[in-house]
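# Notes for the structure review
Letter by letter, the chains look like this.
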4 protein chains.
Amino acid sequence: MVGYKFMGKAHSHAYKDIGMFFDLDRPIQMQAICGRDEQGVKEAAERFGWNGYETDWRALVEREDIDLIDVNTPSNAHKDIIIAAARAGKAVFCEKPLALTLADAREMLQSAESSGVRHAICFNYRYLPAVQLAKQLIDEGRIGQIHHYRATYLQDWLIDPAFPLAWRLQKEYAGSGAHGDLNAHCVDLARYLIGDFDKVVGQQRTFVGKRPIPLSTTGLTAVASETYGDVTVDDTTSFLAQFKNGAMGVFEASRFATGWKNGNTFEIYGSEGAIRFNLERLNELEVYLREDEPRLQGFRTVIATESVHKYAGNWWPPGHTIGYEHAFIHLIYELVQSMREDGTKTYPDFSDGVKCQQVLEAVEKSIADSAWIDVDSL
Amino acid sequence: MVGYKFMGKAHSHAYKDIGMFFDLDRPIQMQAICGRDEQGVKEAAERFGWNGYETDWRALVEREDIDLIDVNTPSNAHKDIIIAAARAGKAVFCEKPLALTLADAREMLQSAESSGVRHAICFNYRYLPAVQLAKQLIDEGRIGQIHHYRATYLQDWLIDPAFPLAWRLQKEYAGSGAHGDLNAHCVDLARYLIGDFDKVVGQQRTFVGKRPIPLSTTGLTAVASETYGDVTVDDTTSFLAQFKNGAMGVFEASRFATGWKNGNTFEIYGSEGAIRFNLERLNELEVYLREDEPRLQGFRTVIATESVHKYAGNWWPPGHTIGYEHAFIHLIYELVQSMREDGTKTYPDFSDGVKCQQVLEAVEKSIADSAWIDVDSL
Amino acid sequence: MVGYKFMGKAHSHAYKDIGMFFDLDRPIQMQAICGRDEQGVKEAAERFGWNGYETDWRALVEREDIDLIDVNTPSNAHKDIIIAAARAGKAVFCEKPLALTLADAREMLQSAESSGVRHAICFNYRYLPAVQLAKQLIDEGRIGQIHHYRATYLQDWLIDPAFPLAWRLQKEYAGSGAHGDLNAHCVDLARYLIGDFDKVVGQQRTFVGKRPIPLSTTGLTAVASETYGDVTVDDTTSFLAQFKNGAMGVFEASRFATGWKNGNTFEIYGSEGAIRFNLERLNELEVYLREDEPRLQGFRTVIATESVHKYAGNWWPPGHTIGYEHAFIHLIYELVQSMREDGTKTYPDFSDGVKCQQVLEAVEKSIADSAWIDVDSL
Amino acid sequence: MVGYKFMGKAHSHAYKDIGMFFDLDRPIQMQAICGRDEQGVKEAAERFGWNGYETDWRALVEREDIDLIDVNTPSNAHKDIIIAAARAGKAVFCEKPLALTLADAREMLQSAESSGVRHAICFNYRYLPAVQLAKQLIDEGRIGQIHHYRATYLQDWLIDPAFPLAWRLQKEYAGSGAHGDLNAHCVDLARYLIGDFDKVVGQQRTFVGKRPIPLSTTGLTAVASETYGDVTVDDTTSFLAQFKNGAMGVFEASRFATGWKNGNTFEIYGSEGAIRFNLERLNELEVYLREDEPRLQGFRTVIATESVHKYAGNWWPPGHTIGYEHAFIHLIYELVQSMREDGTKTYPDFSDGVKCQQVLEAVEKSIADSAWIDVDSL
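What counts and how
Residues numbered from 1 in each chain as written. Chains lettered and ligands numbered in written order. Predicted model: local features only at pLDDT ≥ 70, side-chain atom pairs only at ≥ 80, totals over all residues. Heavy atoms only, no water. Helix = DSSP H or I, 4+ residues; strand = E, 2+ residues; numbered from the N terminus. Patch = residues over 30% accessible without salt bridge, like charges linked within 9 Å, V, L, I, M, F, W, Y side chains within 5 Å. Areas by Shrake-Rupley, 256 points an atom, 1.4 Å probe, with all protein chains shown as cover. Salt bridge = Lys/Arg side-chain N within 4 Å of Asp/Glu carboxyl O. Lys, Arg positive; Asp, Glu negative; His and termini not counted. Charge placed at Lys NZ, Arg CZ, Asp CG, Glu CD. Least-squares fit on C-alpha atoms with pLDDT ≥ 70 in both. Contact = heavy atoms within 4.5 Å. pLDDT = per-residue confidence, 0-100. Nonpolar A, V, L, I, M, F, W, Y, C, P; charged D, E, K, R; others polar. Axes fitted to C-alpha atoms, helices over the stretch in contact; angles between N-to-C directions. Parallel < 35°, antiparallel > 145°, perpendicular 65-115°, else oblique. Buried < 20%, exposed > 50% of the residue type's maximum accessible area, 1.4 Å probe, protein only. Polar contact = N/O pair within 3.5 Å; in protein donor to acceptor, adjacent residues only side chain to side chain. Pairing = 2+ DSSP bridges. Phe/Tyr/Trp six-rings, centres within 6.5 Å; stacked < 30°, edge-to-face > 60°. Lys NZ or Arg CZ within 6 Å of the ring centre and 35° of its normal.

Our next topic: unusual backbone geometry. If a residue is not glycine, its phi is most likely negative; likewise, a peptide bond is most likely trans. Geometrically, the link from K96 of chain B to P97 of chain B is a cis peptide bond, its omega value of -10 degrees lying close to zero. The residue P97 of chain B is located in the loop between strand 4 (91-94) and helix 5 (102-115) in this model. Even without glycine at this site, Y311 of chain A takes up a positive phi of about 75 degrees. Structurally, the position occupied by Y311 of chain A is in the loop between strand 15 (299-303) and helix 9 (326-338).

On to a negative patch on the surface, then. There is a patch of like negative charges on the surface, built from D37, E38, E43 and E46 of chain A. On the secondary structure map, E46 of chain A appears in helix 2 (residues 38-48).

Superposing chain A onto chain C takes a rotation of 180 degrees combined with a translation of 0.0 Å along the rotation axis, leaving an RMSD of 0.0 Å. Expressed as an axis order, the relation between the two copies is that of a two-fold axis. Ranked by how close their C-alpha atoms come to the rotation axis, the residues of chain A are headed by A371 of chain A, at 2.8 Å. Comparing interface residues between copies, 100% of those in chain A also sit at the interface in chain C, which points to an isologous, same-surface contact.

Taken over all residues, the pLDDT of chain A has a mean of 95, while the share at 70 or more is 98%. In the predicted complex, the global pTM is 0.96; the interface-specific ipTM is 0.95.

Below, the discussion takes up the interface of chain D and chain B. Tallying the contact residues gives 45 residues for chain D and 45 residues for chain B. Linking chain D to chain B there are two salt bridges. Measuring nitrogen to oxygen at the nearest pair gives 2.3 Å for the salt bridge that ties E252 of chain D to R150 of chain B. Of all the secondary-structure elements, those providing two or more residues to the side of chain D that touches chain B are strand 6 (146-154), strand 7 (197-205), strand 10 (236-243), strand 11 (248-254), strand 12 (263-270) and strand 13 (273-278) of chain D. Looking at the side of chain D that touches chain B, the element that brings in the most residues is strand 10 of chain D, giving six residues. For the side of chain D that touches chain B, the per-class residue count stands at 18 nonpolar, 18 polar and nine charged.

Bringing the packing of helix 4 (residues 78-87) of chain A against helix 5 (residues 102-115) of chain A into the picture now. All names here are of chain A. Their axes nearest at 8 Å, the elements helix 4 and helix 5 cross at an angle of 10 degrees. By the angle between their axes, helix 4 is roughly parallel relative to helix 5. In contact with H78, K79, I82, I83, A86 and R87 of helix 4, helix 5 contributes D104, E107, M108, S111, A112 and S115. For the contact of helix 4 with helix 5, the per-class residue count stands at five nonpolar, three polar and four charged.

Residue and element names in this part refer to chain D. Burial analysis of helix 4 (residues 78-87) places seven of its 10 residues in the buried class, the great majority of the element. The set of residues buried in helix 4 consists of H78, K79, I81, I82, I83, A85 and A86. In this fold, the buried residues of helix 4 make contact with helix 3 (57-62), strand 3 (68-71), strand 4 (91-94), helix 5 (102-115) and helix 10 (350-369). Downstream of helix 4 by a residue or two, G89 has a phi angle that is positive, lying close to 80 degrees.

With that out of the way, let us pick up the relation of the copies chain D and chain B. Each of the two chain copies can be generated from the other by rotation about an axis followed by a shift along it. For the pair chain D and chain B, the relating rotation is 180 degrees, the translation along its axis is 0.0 Å, and the fit reaches an RMSD of 0.0 Å. Here 100% of the interface residues in chain D have copies in chain B that are interface residues too; the copies meet face to matching face.

Residue and element names in this part refer to chain A. On the secondary structure map, H78 appears in helix 4. Looking at H78, its side chain comes within polar contact range of the main-chain oxygen of L98, at 3.0 Å. Other than its neighbours up to four places away in sequence, H78 contacts V71, T73, C94, E95, P97, L98 and M108.

All right, on to the sheet that holds strand 3 (residues 68-71) of chain B then. All names here are of chain B. Spatially, three strands are ordered 3-4-5 in an open sheet, and the strand pairing comes out parallel. Where the open sheet ends on each side, the last strands, each with one partner, are strand 3 and strand 5 (119-121). Averaged over all pairs of adjacent strands, the angle between their axes in this sheet comes to 15 degrees, without regard to strand direction. Note: strand 3 against strand 4, four bridges, orientation parallel.

Attention now moves to the packing of aromatic side chains. Counted by the stated rule, this structure contains 96 aromatic pairs over all chains. With centroids separated by 5.1 Å and ring planes inclined at 55 degrees, the aromatic side chains of F207 of chain A and F256 of chain A adopt a geometry described as tilted. Of this pair, F207 of chain A sits in the loop between strand 7 (197-205) and strand 8 (210-218) while F256 of chain A sits in the loop between strand 11 (248-254) and strand 12 (263-270); the two residues are 49 residues apart in sequence, bridging distant segments of the chain. The two residues F207 of chain A and F256 of chain A agree in class, both being buried. Taken together, a centroid distance of 6.2 Å and an interplanar angle of 15 degrees make the contact between Y149 of chain C and F266 of chain C stacked. Of this pair, Y149 of chain C sits in strand 6 (residues 146-154) while F266 of chain C sits in strand 12 (residues 263-270); the two residues are 117 residues apart in sequence, bridging distant segments of the chain. Through a chain of ring-to-ring contacts, three or more aromatic side chains come together here, namely F6, Y125, Y153, Y324 and F328 of chain A together with F21, F22, Y127, Y311, W315, W316 and Y333 of chain D. Sitting over the face of the ring of Y192 of chain B, K135 of chain B holds its NZ or CZ atom 4.7 Å from the ring centroid. One residue, R276 of chain C, lies across the ring of F299 of chain C, its end atom 3.6 Å from the ring centre.

So this is what it looks like as structure tokens:
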């Protein structure tokens with residue numbers, strides 16, 4: 001694994017926990033974690049339960065005792081590591097967004113395919129039991145023809161103008177702001193649940209243009225200095241979308257949505273029913289079915305913790321809820337189980353990363369051009 | 001009508017509005033309103049749309065141009081007026097609680113029955129569309145055998161110790177406090193929805209024992225003086241109950257439930273489903289059905305404003321909600337429509353008032369005796 | 001009053017109820033209601049409590065015993081009646097949308113202004129206590145600089161393809177569909193709460209293009225025949241918006257949002273706090289304040305039924321909720337009270353109607369042109 | 001550790017995860033897990049990450065390489081193991097309820113105290129961030145004098161009469177049913193949050209008296225045979241309570257509350273504010289403060305995932321919620337950290353177990369005697 005901060009912790013925890021709750025065909029060996037700062041990575045290796053560590057990812061990707069390379073560094077570092085790992089014949093697992101640009105993402109996909117290795121991207125929210133239930137209902141036609149898809153990813157951690165200029169606020173490291181970080185999830189969930197995008201038009205704004213340069217950074221938090229630097233990514237991006245299946249979409253991501261902490265929501269309205277989800281209450285799915293008798297139609301709140309709900313039976317009894325980290329466990333379980341000779345792919349791969357990037361760039365181009373953009377034109 | 005304060009207004013409004021939204025066999029004539037203070041009652045008559053007024057209820061009940069006498073005075077005045085009106089051959093409609101004591105309530109019922117007049121009591125909450133839906137589901141067996149009935153009526157208007165000693169806080173006018181005022185509604189709804197009580201045990205407390213004597217009173221509010229008097233009713237009463245059908249009940253009424261404004265709630269758990277209601281969101285009913293497929297079981301929130309919901313079709317389009325006052329309109333509509341020679345009784349009558357009083361007194365006796373009391377022993 | 005269907009009923013009820021709950025400087029006389037079908041209008045006059053009726057609006061607007069003309073006919077009939085009434089020196093009160101086109105709306109405003117009469121438009125939702133509270137908080141700066149405005153108006157009454165081709169689905173009567181009917185409210189609330197629009201871009205769709213021609217129509221419902229006609233208005237319109245104050249907006253109206261009955265919602269995120277409102281729970285306002293101590297920050301649900309909430313003190317005790325119809329009462333109360341020589345305008349007028357129309361047309365032009373449109377360019 | 005089923009898994013997971021998210025003074029060594037079935041316990045040891053296993057708890061408690069014995073067997077086995085472990089000088093950590101009877105619980109406390117060992121009981125729900133916040137607010141006086149405490153623990157896993165006769169339904173193994181299993185948590189939380197009980201009166205029922213005898217059992221689930229046996233514990237127990245501080249309590253536990261999966265809720269109403277909690281949404285706490293300005297008073301929903309919330313900072317960013325299992329991690333972290341020479345006790349101990357048992361038995365005696373029982377009389 002390359003990277004040992006917020007995502008490094010979430011992924012490490014998943015590798016460690018899977019075997020306790022899921023039956024694996026062969027056990028996971030957490031061989032090595034990699035980071036440039038030896039002291040930091042050594043401590044992370046111990047704390048997270050890795051057998052060893054490396055300080056140079058080039059050494060890591062060449063190790064013979066490793067089958068899978070997990071990359072969760074800042075986004076700008078993804079490409080080189082992934083391509084090297086794929087060339088070394090390793091399966092690769094990359095955090096989203098896949099790359100800073102669509103061109104890079106395509107190069108990564110091409111590299112993984114030509115190397116013949118498995119490739120996966122960490123669109124973790126697909127793997128919540130409530131989202132799995134949404135997927136089942138749509139695939140079975142229970143929601144009918146989809147008319148509307150509404151999505152938000154709303155947070156508020158940037159409202160304070162004194163919040164420092166972390167790497168996520170700088171284009172060279174992060175590629176974009178709320179758009180790449182948050183809309184990436186919304187776009188992937190939309191594609192996963194209802195299908196591909198046709199065209200988009202968007203708007204974007206940076207509300208606070210200068211922020212104090214951090215003295216040091218740990219994950220999302222940083223201690224600020226008195227020196228200010230430019231915020232070079234968006235604080236919010238919203239867009240209209242039309243899907244290939246005729247559905248109309250509305251998307252909005254923001255780090256200035258006061259009061260929302262992690263509001264990754266979607267609402268789907270179809271000819272037979274409707275679905276609503278909110279990550280802040282991730283165990284629940286709201287479902288409305290027109291097949292219910294008229295006087296009893298209403299949104300029902302399903303607590304997706306029964307053994308009939310995917311993955312839920314591996315955890316606790318009904319009503320004993322799971323948390324944020326569990327989606328990583330489920331996704332990585334699917335990935336690791338697939339890594340047998342005959343393993344079926346049950347995880348999102350780089351082509352999903354490319355298609356997500358394509359939508360995100362179409363939105364950015366629509367903003368630059370003040371025009372609707374056909375997603376397939378990119 | 002006798003009484004022209006809070007309830008006088010609510011009832012007057014109902015008489016005035018019914019004809020606009022409901023088809024009546026013959027129109028309602030609002031003949032006269034009665035109160036001791038001539039200036040006050042005259043103004044009320046004008047404002048509320050009554051054709052005239054009286055200052056002596058004895059004169060009112062003798063008038064030949066009146067068919068129905070509506071009594072919504074403080075509770076201690078109910079009995080004499082109702083009995084006189086019944087003797088004068090008038091249909092009678094009384095606010096709850098029917099009387100200060102069970103003995104008085106029985107006397108009133110006996111008087112109305114021996115006079116052969118129609119008698120009704122204002123258990124208005126039965127007549128909300130959402131409550132009607134609950135009733136339908138239970139009667140149809142959709143909830144199955146009832147295991148649990150939970151009810152609260154929670155308000156918080158007495159938390160401030162400076163709130164004055166209004167008539168509702170004095171035993172001689174009000175009979176009791178939270179118990180008679182609030183539990184009366186809970187007990188009636190429980191009887192209406194799932195049937196009669198078997199036995200009860202309760203507890204009661206007055207948290208603030210002395211309050212400033214009001215200089216003047218208007219409805220629930222009053223201007224307080226510096227002189228203090230004793231609060232002679234309960235601030236809260238809660239009780240356990242066992243029903244004749246085997247259900248277990250838990251009831252709680254309070255005027256000290258900080259944050260609740262009008263929390264008349266019930267929850268019913270049965271072998272086939274469950275129901276939850278909260279008067280603060282009176283257009284909604286939460287329904288859970290075990291017949292739903294397992295992965296989709298959840299409480300659904302029905303917004304009872306469709307034309308399939310009783311009374312809702314007389315109002316506005318779906319989702320255009322109604323308010324507190326509408327239950328009075330529905331109940332009085334049922335009462336007035338029934339006042340034809342062949343009219344079926346579709347409203348709660350004094351026997352419901354008596355049975356409610358019986359449960360309330362059983363609870364009070366259980367507190368006095370520190371023991372369970374069989375309701376039928378009273 | 002001209003018109004006696006859904007809105008005619010809502011307005012009539014307001015005129016009738018105001019005096020019972022609000023102190024008026026002089027009482028309201030409900031002189032005459034007008035409609036082309038004599039039988040229908042006569043019955044409406046009786047049921048709604050009007051002193052008389054007319055079958056020709058030209059006669060109505062000339063009557064000397066009338067000060068105010070209320071127009072709630074289908075939208076295409078607004079203009080002629082309003083202009084004639086204004087010329088006759090009557091105050092005019094018009095349902096929204098003011099007119100079928102911006103040009104017509106401007107002509108109506110100009111006519112009313114040159115006639116020197118009072119003119120008002122029925123943007124009723126401004127007058128809910130919860131919305132008034134939102135307005136106060138924003139005006140006092142408690143929400144701070146506004147970053148985001150999100151609004152929806154979601155209904156689902158057109159999902160069934162067998163629903164007939166009512167007048168609201170035909171461009172010549174309604175002007176537009178979900179856009180003019182629903183977004184009109186959203187646009188007005190946005191302007192009322194945070195100010196004017198700068199530019200917009202939208203998308204629109206008609207999901208069901210042909211519907212059965214109705215045999216007869218009553219309000220929103222109609223009995224369908226076997227003959228089909230074209231739906232000539234939109235089923236849904238959504239748009240992005242940028243406000244003059246720098247806020248970013250997202251709007252969506254639909255009559256295909258399965259499960260929503262009357263989802264007129266807004267969410268406002270500012271530098272100091274946030275506000276959320278949903279018409280399906282119209283007594284409530286959700287408020288988040290960053291000034292709260294950090295560990296206690298959260299959306300609080302205010303039940304706007306206390307006497308400190310505007311208009312609420314005129315109704316019932318705390319927690320005794322009001323319904324849809326009450327907003328009309330409050331708005332018409334403000335209008336009628338203002339109709340004294342020295343009455344201050346406390347209601348929305350035709351200039352608000354024009355500005356709303358301007359935004360709606362800018363959205364339609366953005367759809368026709370596939371481009372962002374400056375609102376002030378129209 | 002003795003026991004390797006549902007609770008064994010939850011505890012094992014905690015021991016394994018703590019070090020990754022919390023700083024420990026010295027690392028945890030998971031030495032051995034114990035169970036009678038060698039195959040089962042061996043598999044559990046491997047899966048849960050224990051270094052070894054034992055099949056006889058007597059051998060386990062004598063091992064010199066073990067400092068802490070964790071007991072999560074069925075309740076009837078607690079006493080002997082705990083007393084032996086304490087005598088062997090081990091710190092002891094026991095699942096709730098501490099014992100089948102108050103007498104046994106007292107003997108266990110006495111044994112642990114006379115052995116001078118640390119003793120802890122697994123009242124895990126105290127250790128949720130939201131519950132910690134409730135505790136802080138009450139201790140600081142922000143809620144004021146407590147008037148009301150309402151608690152439920154509602155589940156529905158026994159509604160189906162075909163559910164088999166698991167050990168939790170047999171008095172000899174479980175001691176009691178919903179009462180000991182669920183009310184135990186409610187009683188402990190009440191004591192933790194507002195203080196000790198004065199007197200109680202309760203009611204209890206077993207709705208389904210005979211159930212199929214299970215062929216085999218795994219945790220809560222079991223395969224049923226055709227032979228039926230008696231259910232010897234309660235399906236539901238509710239009780240009224242009066243606290244030493246004058247608060248009035250209402251408690252209800254049920255395994256027949258259709259639709260509730262894990263409804264461990266409490267509501268606390270005090271002179272200055274109110275608090276509400278529901279385990280099905282365990283990241284949230286609803287708080288109402290009378291100190292808020294009147295027009296803005298309402299229950300606010302705090303998502304207790306900020307770094308200002310206890311334990312939350314050790315996990316993920318704001319809004320990234322935790323689940324059921326995390327409370328175990330927090331409690332065991334506190335216990336393990338305290339196991340230094342100078343460690344302050346920051347966990348519930350056997351005296352809490354005894355006091356909880358005392359209340360539970362007082363309720364059972366009140367049912368047997370049909371009378372109020374002073375808790376201190378036992």
